[in-house]
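So you can see what is in the structure, the chains are spelled out below.
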Amino acid sequence: MKNLDQQGRSHREGLVCAVLSGLVLALLGPLGPVHGCPGGCTCYDNTTDCSASGLLSLSPVLKLLDPESVILRLPRNNLSSLGTDELSSLSGLELLDLSQNHLSGLRPGAFSGLGGLRWLNLSANRLGVRPVTSDPNNTIAAALQGEGLSKEAFRGLWRLRGLDLSSNGLLRLPQGLLDGLQRLAWFSVASNRFAALDRVTFEPLVGLQQLRLAGNPWECDCKLSDFKHWMEWLIYRDGQVDAMRCGLPVDLRGRDIRSVPAEMFSHCLRSPTREGAVGQGTRPPCPPGRINSNDDCVRQRYRPASVRRAHGTQIVAGVICGTVCVMMVVAASYGCVYASLMARYQREVKNRGQPLMAESGADTDPEDGQTSPPPSPEQPSLKEGVVLGYRISSF
C-alpha cells in the first residue's frame, strides 16, 4: 500500500511539473526567442568568446547568440566554411575573430549582413592553400585556385577599419577585393607567399594608415616597381609600412625595398618584355594609354619617378620663393623711403617759395638761395647742368 501511495504521489508531482512547464512556455512564447550564452562559450557584457570550443559550424552558436552582440570571438576552432547568409542576423557586430580555423574559401558577400563591422580577423586560415582532390589532372584544384578569396568577399563592409589576412598562404589578391573598403586604416598580409603585389588593388585604400607586409618572399624586380611607388606615396602621407625585405634577386636579398633607389627600376619602363612582343609567345601590347596588369589592360595613371624627392623639391621651392619675397620687400621699402624723401624735399621747396626749376634768365640755386646772372652772348647755349635754357637743380 505504501508503495502504491508513493507511486501515485510521484505521478501527481510529475503531472504538476509538466503543467507548470507548459504554462511557463506559453507565457514566454509571445516574448520571442530566448537568447543565452552558447555552450562552451564565455559571455560578458556584449562579448561572446567561443575560443577553442571545437566548433565545426556556426549553427550551435548562432541559435543562442543575441543579435545585439558587439564582439564575437571564434579563434582556434575547426570552421571550414561560411554560408552566404549565415551571419546576416548579426547586424550590430563590430568585431569578428575567425583566426586559426580551417577556412579555405570565402563566398561573395559572406559578410554582407555585417554593415557595422569594424574589425575582421581572418589570420592563420587556409584561404590561399590549394585543395587536395582525387582528380588525377588536378583540374578541379586548378579551377578552385584563386577562388579561396573571392573579389566580392568583403562586399558591404564599408565601415571596416581593420582587416587581418596574415598567415593564409596567399599568392595573390584578386583585383577589386578592396574596392569597397575606403575606411580601412589597418591592413595585414604578413607571412604569406606573395612575391609581388598589384598597385591597382591597393589604390582604393585612401584612408590606410598602417600596412603589414613582413614575412613574404618578395621579388624586388620590375613586377614590384609600381607597388613600390604606391608604398612611397603612402609613407609620404604619414602612413606606416613595416619592413619589406627582398628575397630575390640575390644581390638585394635581405634588403628593405624602401631603401632601394628608384633609379634601379628605371629600366623597367623601357624593357621590351614590359608590353610583350608579338610572335614570341606573348599576347599583343595594350592600346595607347593603357598598360599590362596581370591579365587585363588597365588605364595608365601618372606615377612620379620617386616620391622621396618631393621633400627636396619643396625645400628648394621654398628657398626660391622666400628669396623673391625678401627682394620684393626690400624693393618696396626702398621705394617708400625714396618717395618719402622726395615728398619732404618738395615741401621744403614749396615753403621757401622757390620753383623747382628756374629759367636761365634768373637761375636760382635752392641750396644757397643766390641768383646767378644771365649768361653772356659769347657763352655757349649749352653747358654742364643747363638744358635748353633751363638749369636742373641738384638734389
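Glancing now at the overall build of the chain. Each helix and strand counted, the chain has 6 helices and 18 strands in total. Long-range contacts, defined as pairs at least 24 residues apart, comprise 57% of the intrachain contacts of the chain with a sequence gap of at least 6. Carbon and sulfur atoms make up 58% of the accessible area of the chain, which amounts to about 24000 Å² in all.

What follows deals with the environment of Leu87. With respect to the helices and strands, the residue Leu87 is situated in the loop between strand 3 (71-73) and strand 4 (95-97). For the pair formed by Leu87 and Gly113, sequence separation is 26 residues and the distance between their alpha carbons is 6.4 Å. The residues contacting Leu87, other than those within four sequence positions of it, are Leu58, Leu62, Leu96, Ala110, Phe111 and Leu114.

Reading across the sheet, the 9 strands line up as 1-2-3-4-5-6-7-8-10 and stay open at both edges, with mixed pairing between neighbours. This sheet does not close on itself; its edge strands, each paired only once, are strand 1 (42-44) and strand 10 (240-241). By the bridge criterion, 3 bridges tie strand 7 (residues 186-188) to strand 8 (residues 210-212) in an arrangement that is parallel. Each bridged residue has a counterpart across the sheet, and for Ser188 the counterpart in strand 8 is Arg212.

We now examine the state of the cysteines. In the structure shown here, the tally under the stated rule is 3 disulfides. One disulfide bridge connects Cys37 with Cys43, the sulfur atoms lying 2.1 Å from each other. Linking Cys37 and Cys43, the disulfide has an S-S dihedral of approximately 90° and is accordingly described as right-handed. On the accessibility criterion, Cys37 (35% relative accessible area) is partly exposed. Under the relative-accessibility criterion, Cys43 is labelled partly exposed at 35%.

Summed over all chains, the structure comprises 9 aromatic pairs. With 6.2 Å between their ring centres and 20° between their planes, Phe111 and Phe154 make a pair best called stacked. Taken together, the residues span a long stretch of sequence, with Phe111 in the loop between strand 4 and strand 5 (119-121) and Phe154 in the loop between helix 3 (139-144) and strand 6 (162-164) at a distance of 43 residues. Considered together, Phe111 and Phe154 belong to a single accessibility category, that of buried residues. When the centroid spacing of 6.5 Å and the interplanar angle of 20° are considered together, the rings of Tyr334 and Tyr338 count as stacked. Residue Tyr334 and its partner Tyr338 are located together in helix 6 (residues 309-352), separated by 4 residues, close to a single helical turn. You can call Tyr334 exposed: its relative accessible area is 60%. Using a relative accessible area of 46% as the deciding quantity, one classes Tyr338 as partly exposed.

Counted under the stated rule, the structure contains 6 salt bridges. Across the pair Arg155 and Glu152 runs a salt bridge whose closest N-O atoms are separated by 2.9 Å. For Asp256, the salt bridge identified is with Arg258, shortest N-O distance 2.7 Å. For Arg258, a relative accessible area of 29% translates into the label partly exposed.

On to the nonpolar core. Judged by nonpolar contacts, the single largest core of 61 residues is most densely connected at Leu96, Phe111, Phe154, Leu165, Leu173 and Phe187. In terms of residue count, helix 5 (residues 225-236) provides more of this core than any other element does, 4 residues in total. When sequence neighbours within four positions are dropped, the list of residues in contact with Leu173 reads Leu149, Leu165, Phe187, Val189, Phe194, Leu197, Thr201 and Phe202.

When pLDDT is averaged along the chain, the result is 75, and 65% of the positions lie at 70 or above. The low-confidence segment residues 358-362, where pLDDT is below 50, has 13 contacts with residues more than four positions distant or belonging to other chains. Taken together, the stretch residues 379-390 has pLDDT below 50 and engages in 11 contacts with residues farther than four places along the chain or on a different chain.

A few words now on a nonpolar patch on the surface. On the surface, Val316, Ile320, Val324 and Met328 cluster together into a nonpolar patch covering about 380 Å² of accessible area. Here Ile320 shows up in helix 6.

With that settled, consider the side chain of Asn77. Along the polypeptide, Asn77 turns up in the loop between strand 3 and strand 4. Side-chain polar atoms of Asn77 contact the backbone oxygen of Leu74, separated by 3.1 Å. If we ignore the near neighbours within four places in the chain, the residues touching Asn77 are Cys50, Ser51, Ala52, Ser53, Gly54, Leu55, Gln100, Asn101 and His102.

So, how was this worked out
- Residues numbered from 1 in each chain as written.
- Predicted model: local features only at pLDDT ≥ 70, side-chain atom pairs only at ≥ 80, totals over all residues.
- Heavy atoms only, no water.
- Helix = DSSP H or I, 4+ residues; strand = E, 2+ residues; numbered from the N terminus.
- Contact = heavy atoms within 4.5 Å.
- Areas by Shrake-Rupley, 256 points an atom, 1.4 Å probe, with all protein chains shown as cover.
- Pairing = 2+ DSSP bridges.
- Disulfide = S-S within 2.5 Å.
- Buried < 20%, exposed > 50% of the residue type's maximum accessible area, 1.4 Å probe, protein only.
- Phe/Tyr/Trp six-rings, centres within 6.5 Å; stacked < 30°, edge-to-face > 60°.
- Salt bridge = Lys/Arg side-chain N within 4 Å of Asp/Glu carboxyl O.
- Core = buried A, V, L, I, M, F, W, Y, C linked by side-chain atoms within 4.5 Å.
- pLDDT = per-residue confidence, 0-100.
- Patch = residues over 30% accessible without salt bridge, like charges linked within 9 Å, V, L, I, M, F, W, Y side chains within 5 Å.
- Polar contact = N/O pair within 3.5 Å; in protein donor to acceptor, adjacent residues only side chain to side chain.

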